[in-house]
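Listed below, chain by chain, are the residues.
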Amino acid sequence: MDKLNRAFYERDTIEVANDLLGKHLVHLENGIQRVGKIVEVEAYLGQHDLACHSSKGLTKRTQVMFGPAGYAYVYLIYGIYHCVNVVTEKEGQGAAVLIRAVEPLLNIAIRTQGPGLLCKAMGIDKRLNGHDLLSDDFFITTCPDQLPMTIIKKPRIGVHYAKHWEKRLLRFYIKNNPYVSRR
DNA sequence: TGCACGATGAAC
DNA sequence: TTCATCGTGCAC
């Protein structure tokens, strides 16, 4: 179980998104370790990507996205749920990968299929915005016995406002995995 | 200072 | 299809 290093995140966003599938997301909170296998992600390519929050430019909200790779960008959506992203590429690109669903592996009590639910299930909220994913309480590791898997590519969810970007195949998930959202 | 609107999820 | 609920970004 090797923790993913800075070089892993500091690469092309689409490659990072694909490589994150099958990896283990780990969060330690109050002595409880929660682990979920990443089964669904979306790539947000940076300032030119109209579906990406960083397309608004550098603001208080997006500053984490414009920072160095390997940090968590957590935000509140619809005033109710949180969503987690991992920042990718070189500092200043404003690119990230949204984690949309995980498969419960350890200490996860409720459903995790969807970005809002997985955050709720793993105790992830705004306190973790800007948190280093190379820390000891919130990180991602390789899966020791990862079997071969087929990756499905689809348009991203809920980005109808993003003009032609809506059609880009930037959502990736593991084929036939029951924990993928909206199938 | 105010207001419209979400990278959602669940109910009806 | 509707609704809960609030931080953000932008208009005024």
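Above this text sits the structure in question.
Predicted model only: the values in this text are computed from it and were never measured.

How each quantity is defined
Sequence order as written defines residue numbering, which begins from 1 separately in each chain. Chain letters start at A and ligand numbers start at 1, both assigned in the order the entries are written. It should be noted that, the model being predicted, local features are given only for residues of pLDDT at least 70 and side-chain atom pairs only at 80 or more, the latter also being counted only at that level, while totals for whole chains, interfaces and linings use all residues. The side-chain figures draw on all heavy atoms in the structure; neither hydrogens nor water molecules are used. The helix and strand labels rest on DSSP assignments: H or I over at least four residues marks a helix, E over at least two residues marks a strand, and numbering proceeds from the N terminus. Our radius of gyration looks at C-alpha atoms and nothing else; its globule reference is 2.2 Å times the residue count to the power 0.38. Type-normalised accessible area, obtained with a 1.4 Å probe on protein chains alone, sets the label of each residue: buried when under 20%, exposed when over 50%, and partly exposed for intermediate values. In what follows, a contact means two residues having at least one pair of non-hydrogen atoms within 4.5 Å. Paired strands, in this sense, are two strands between which DSSP finds at least two bridges.

1. Section: the overall build of chain A
Within chain A, the regular secondary structure consists of 3 helices and 8 strands. Reading chain A from its N end, one meets helices and strands in the order α-α-β-β-β-β-β-α-β-β-β. For chain A, whose C-alpha radius of gyration is 15 Å, the value lies close to the compact-globule estimate of 16 Å for 183 residues. Its C-alpha atoms give chain A principal-axis dimensions of about 40 × 35 × 30 Å. Here chain A, with 183 residues, has 52% of them falling under the buried criterion. Restricting the contact set of chain A to residue pairs at least 6 apart, pairs at least 24 apart contribute 61%.

2. Concerning the environment of G46
Within the element layout of this structure, G46 appears in the loop between β2 (32-44) and β3 (72-77). Residue G46 is classed as buried on the basis of its relative accessible area, which comes to 0%. Once the C-alpha coordinates of G46 and T13 are considered, the two residues, 33 residues apart in sequence, prove to be 9.0 Å apart. Apart from residues lying up to four places away in sequence, G46 is in contact with C52, S54, Q93, G94 and A95.

3. As for the pairing of strand β5 (residues 95-106)
The buried fraction of β5 amounts to 9 of the 12 residues, a majority that puts the element mostly inside the structure. Note: β2 against β5, 9 bridges, orientation antiparallel. Following the sheet pairing, V35 is matched in β5 by L106. In terms of strand pairing, strand β4 (residues 81-88) meets β5 through 5 bridges, oriented antiparallel. The residue bridging V87 from the neighbouring strand is A96, located in β5. Taken together, β4 and the strand that follows it, β5, pair antiparallel across an intervening segment of 6 residues, in which E89 is found at a positive phi of about 65°.

4. Topic: unusual backbone geometry
Among all residues save glycine, negative phi is the norm, and among peptide bonds the norm is trans. With a phi close to 65°, E89 is a non-glycine residue in the positive phi region. Summarising the element assignment, E89 is placed in the loop between β4 and β5. Despite not being glycine, N107 shows a phi value in the positive range, around 55°. On the secondary structure map, N107 appears in the loop between β5 and α3 (115-122).

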